[in-house]
Amino acid sequence: MAAQMLILDEIVELSLEEESLVNSVDEDDIPILAAVSTYMRRDLHRNQGFFEHTLPFYSIDEFKSHFRMTRATFEALCREIHTTGRVPHQHSFGRLPIPLDKQVLVFIWFIANSEVIRSVCDRFNVTLSGTHRIIRRVSNACVDLRQEYIKWPNSKLQVHLF
């Protein structure tokens, strides 16, 4: 019982010290602390090297089973998406830019495997916000390409088909 009381006294003492530290912060320091905490990044533990080391060694069948397309189709899709200008491949701030082919692979993996976005982030070592931006940008690029690849039959072809 004495040990429990000693632990309880320690907890109360620590909470009082913490409260006094919080109360001793100047009002002038609060905006600075808020600004610093905004730009602090958490380093999450993710899979390292899946895109760089594992994917290049996928066999033709493995690549096709995971991404639902061949490498040649993937490379053609990357070229088409690049021409839309919707997916930036360089910038001058923050972390290093994500290569275009990695962005397209993230998008394809997400739509082809019905995997939750957090798992995709972990697999490709991309932040949650970055993955969200990738999915939005690449899907917008695909929407831009719809006129070129989705063709509705005209009236003559409809008569022929039906």
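Residues numbered from 1 in each chain as written. Predicted model: local features only at pLDDT ≥ 70, side-chain atom pairs only at ≥ 80, totals over all residues. Heavy atoms only, no water.

Visitor: I keep staring at the packing of aromatic side chains and nothing clicks. Help me out?
Guide: To describe a pair of aromatic rings, you give the distance between the ring centres and the angle between the ring planes. Counted according to the given criterion, the structure contains seven aromatic pairs. For the ring pair Phe 50 and Phe 124, a centre distance of 5.3 Å and an interplane angle of 90° mean the geometry is edge-to-face. You can see Phe 50 sitting in helix α3 (residues 50-54) and its partner Phe 124 sitting in helix α7 (residues 117-124), a full 74 residues away along the chain. Of the two residues, Phe 50 and Phe 124, neither departs from the other in class, the shared state being buried. Among the aromatic residues, ring-to-ring pairing joins Phe 50, Tyr 58, Phe 63, Phe 67, Phe 74, Trp 109 and Phe 124 into one connected group. Between Arg 123 and the ring centre of Phe 50, over which it is positioned, the NZ or CZ distance is 5.1 Å. (Phe/Tyr/Trp six-rings, centres within 6.5 Å; stacked < 30°, edge-to-face > 60°. Helix = DSSP H or I, 4+ residues; strand = E, 2+ residues; numbered from the N terminus. Buried < 20%, exposed > 50% of the residue type's maximum accessible area, 1.4 Å probe, protein only. Lys NZ or Arg CZ within 6 Å of the ring centre and 35° of its normal.)

Visitor: I keep staring at the nonpolar core and nothing clicks. Help me out?
Guide: General note: in soluble globular proteins, nonpolar side chains tend to be found buried as a group. Grouped together as the largest cluster of nonpolar side chains are 27 residues, with contacts concentrated most on Leu 55, Phe 67, Phe 74, Ile 81, Leu 105, Ile 108 and Phe 124. Mapped onto this core, the elements with two or more residues apiece are α3, α4 (60-67), α5 (71-84), α6 (100-113), α7 and α8 (128-144). Ranked by residue count, the leading element in this core is α6, at eight residues. Filtering out sequence-adjacent residues up to four positions away, Phe 67 remains in contact with Leu 55, Tyr 58, Leu 105, Ile 108, Trp 109, Ala 112 and Phe 124. (Core = buried A, V, L, I, M, F, W, Y, C linked by side-chain atoms within 4.5 Å. Contact = heavy atoms within 4.5 Å.)

Visitor: Got a minute to help me understand unusual backbone geometry in this structure?
Guide: Outside of glycine, negative phi angles account for most residues, and trans bonds account for most peptide bonds. The residue Arg 68 is not glycine, and still its phi comes out positive at about 60°. Mapped onto the fold, Arg 68 is located in the loop between α4 and α5.

Visitor: Which parts of the structure should I look at to understand the packing of α7 against α8?
Guide: Geometry of a packed helix pair, given as the angle between the helix axes and the separation of the axes. The contact between α7 and α8 brings their axes to 9 Å, and the two run at 105°. With respect to α8, the element α7 is oriented roughly perpendicular. Of the residues in α8, those touching α7 at Ile 117, Arg 118, Val 120 and Cys 121 are Leu 128, Thr 131, His 132 and Ile 135. Split by residue class, the contact of α7 with α8 holds five nonpolar, two polar and one charged. (Axes fitted to C-alpha atoms, helices over the stretch in contact; angles between N-to-C directions. Parallel < 35°, antiparallel > 145°, perpendicular 65-115°, else oblique. Nonpolar A, V, L, I, M, F, W, Y, C, P; charged D, E, K, R; others polar.)

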